[in-house]
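# Close look at the chain arrangement
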Amino acid sequence: MPNLVSDEQLSHTIENMMIEQNLRGMQSLYAHQLTGTYLRAAKSLFNAKQTVLIGTGFAVKQTFETDGPVGAIALYNALIALGKQPILVCGNPLYTALKNDFNCFELPLNNFVDAMAFSKTALADLKPDCVLSIERPGLCHGNKYYNMRGIDISADCGCFDFFVSQAPCPTVAIGDGGNEIGMGNLSQYMSELSITPSLTCCDELLLADVSNWAAYGLIAFLSRWHNQYLLANINTLGILQYLSERGSVDGVTQQNELTEDGLHATHGQQLIARLRQLSGVANQNEDLQ
């Protein structure tokens, strides 16, 4: 199947698709962005020769929420398929949950005093070609982390902010509420949102109703440019089951269930199906499903 739309058109369509439910007011923030966010972010991943750092994990009730890690794992698997070297960067308990199955790097918790020096050393050692944050808490006023309910969760958070702000390479951040890394790009426009905004900025900010979904938008571009049907390999329900067995909770319901931000996995699956139609990649793997 030939590409039906240009990359620019595809990006514009994806950007609007990602926020069409407007669960937490992301449409109002998107109005202040230049179109092409998903295209520019995907190019940073496409151009990465080797190492891509993927920071994820949002603390909820002394464990981690499903939104963020699902998309991070899907993106990790896609980058592996393309011969790149992704590393999942997270703190405990998510780090311990993932380290046996993925290449991971541990963030120390509640270590803001040493976080800048720690990040600079890690960046020098890991030498990333791109740094991406998906649904990681971003530093707010007073250098604290707050959840969607306005509760200070700093004691349960590792600091990935300086990996983004000090990176010597392109940085991408994904958020769906306003308190995530990268939302500093739009913090001046958040007065109408019921959120304590993050002040941490990035090169390219991607908005979504559910942060996991933004990863699928990026994978759609990688599929197109590499002519590989990477979207077909994403098993959202399987990833949710994997995380549930390791203690995840839904960030909205705070229950250990196979949902993301209160939504059934079918929402993400339907969005992937739409992206598969849009990306214009031949369905060479379809008969293998």
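Before any of the text, the structure's been laid out above.
First things first, this report covers the structure right here in the doc. Just so it is clear, the structure is predicted and the values come from calculations on it, not from any experiment. (Residues numbered from 1 in each chain as written. Predicted model: local features only at pLDDT ≥ 70, side-chain atom pairs only at ≥ 80, totals over all residues. Heavy atoms only, no water.)

## Some thoughts on the overall build of the chain
Selection rule: Each helix corresponds to a stretch of at least 4 residues labelled H or I by DSSP, and each strand to a stretch of at least 2 residues labelled E; elements are numbered beginning at the N terminus. Both definitions apply: the radius of gyration is a C-alpha atom measure, and the globule rule equals 2.2 Å times residues to the power 0.38. Three exposure classes are used, based on accessible area relative to the maximum for each residue type with a 1.4 Å probe and protein chains only: buried under 20%, partly exposed in between, and exposed over 50%. A 1.4 Å probe and the Shrake-Rupley method give the accessible areas. Residues count as covered only by the protein chains that appear here. Under the convention used here, Asp and Glu are negative, Lys and Arg are positive, and both His and the chain ends fall outside the count. A charge is said to be at NZ when it belongs to Lys, at CZ for Arg, at CG for Asp and at CD for Glu.
Looking only at helices and strands, the chain features 10 helices and 10 strands. Relative to a compact globule of 289 residues, whose C-alpha radius of gyration would be 19 Å, the chain shows 17 Å and is just as compact. Its C-alpha atoms give the chain principal-axis dimensions of about 55 × 40 × 35 Å. Of all 289 residues assigned to the chain, the portion counted as buried reaches 57%. Surface summary for the chain: the accessible area is close to 11600 Å², and the carbon and sulfur share equals 49%. For the chain, the distance from the average site of its 16 positive side-chain charges to the average site of its 28 negative ones is 5 Å.

## Here we look at the pattern of salt bridges
Put simply, the rule is: A pair is scored as a salt bridge if a Lys or Arg side-chain nitrogen falls within 4 Å of a carboxyl oxygen belonging to Asp or Glu.
According to the stated counting rule, one finds seven salt bridges in the structure shown. The partner of Asp-7 in a salt bridge is Arg-224, with the nearest N and O atoms 2.9 Å apart. Of this pair, Asp-7 sits in helix α1 (residues 7-18) while Arg-224 sits in helix α8 (residues 211-226), and the two are 217 residues apart along the sequence. By relative accessible area, Asp-7 is classed as partly exposed at 22%. The class of Arg-224 is buried, set by a relative accessible area of 7%. A salt bridge links Arg-246 to Asp-101; its shortest N-O distance comes to 3.9 Å. Of the two residues, Arg-246 sits in the loop between α9 (236-244) and β9 (259-260) while Asp-101 sits in the loop between α5 (94-98) and β5 (104-106), which places them 145 residues apart along the sequence. Judged by relative accessible area, Arg-246 falls into the partly exposed class, the value being 33%. Taken together, the shared-partner salt bridges connect Arg-24, Asp-176 and Asp-261 into one network.

## Regarding the nonpolar core
This is how the line gets drawn: Note on terminology: a nonpolar core comprises buried Ala, Val, Leu, Ile, Met, Phe, Trp, Tyr and Cys residues joined through side-chain atoms within 4.5 Å. In this description, contact between two residues means that some pair of their heavy atoms is separated by no more than 4.5 Å.
Counting 59 residues, the largest nonpolar core has Ile-54, Leu-75, Leu-98, Tyr-216 and Leu-218 as its most contacted members. At nine residues, α8 tops the list of elements feeding residues into this core. Setting aside residues no more than four positions away along its own chain, Leu-98 makes contact with Ile-73, Leu-88, Cys-90, Cys-104, Tyr-242 and Leu-243. By size, the runner-up hydrophobic cluster in this structure holds 27 residues, among which are Met-26, Ile-87, Ala-122 and Leu-205.

## Things to note about the packing of α1 against α8
Put simply, the test is: For helices, the axis comes from a line fit to the C-alpha atoms of the stretch in contact; other axes are also lines fit to C-alpha atoms, and the angle between any two N-to-C directions lies between 0 and 180 degrees. Angle categories: roughly parallel below 35 degrees, roughly antiparallel above 145, roughly perpendicular from 65 to 115, and oblique for all the rest. Left-handed describes a crossing in which the near helix is turned anticlockwise from the far one by less than a right angle; the clockwise case is right-handed. Gly falls in the polar group here, along with every residue not listed as nonpolar (Ala, Val, Leu, Ile, Met, Phe, Trp, Tyr, Cys, Pro) or charged (Asp, Glu, Lys, Arg).
Contact geometry of α1 with α8 gives a least axis separation of 10 Å together with a crossing angle of 165°. Our classification of the angle between α1 and α8 gives roughly antiparallel. At the point where α1 passes α8, the crossing takes the right-handed sense. Between α1 and α8, the contacting residues are Asp-7, Leu-10, Ser-11, Ile-14 and Met-18 on the first element and Trp-213, Ala-214, Gly-217, Ala-220, Phe-221, Arg-224 and Trp-225 on the second. Of the residues contributing to the contact of α1 with α8, the split by class is eight nonpolar, two polar and two charged.

## Some remarks on the environment of Asn-16
You can see Asn-16 is positioned in helix α1. Given the relative accessible area of 33%, Asn-16 is considered partly exposed. Separated by 198 residues in sequence, Asn-16 and Ala-214 have C-alpha atoms that sit 11 Å apart.

## What to know about the packing of helix α4 (residues 69-81) against α8
Direction vectors running N to C along α4 and α8 enclose 20°, while the axes themselves pass 7 Å from each other. Between α4 and α8, the crossing angle belongs to the class labelled roughly parallel. The two elements α4 and α8 cross, and the hand of that crossing is left-handed. Along its contact with α4, which presents Pro-69, Val-70, Gly-71, Ala-74, Leu-75, Ala-78 and Leu-79, the element α8 presents Asn-212, Ala-215, Tyr-216, Leu-218, Ile-219 and Leu-222. The residue makeup of the contact of α4 with α8, split by class, is 11 nonpolar, two polar and no charged.

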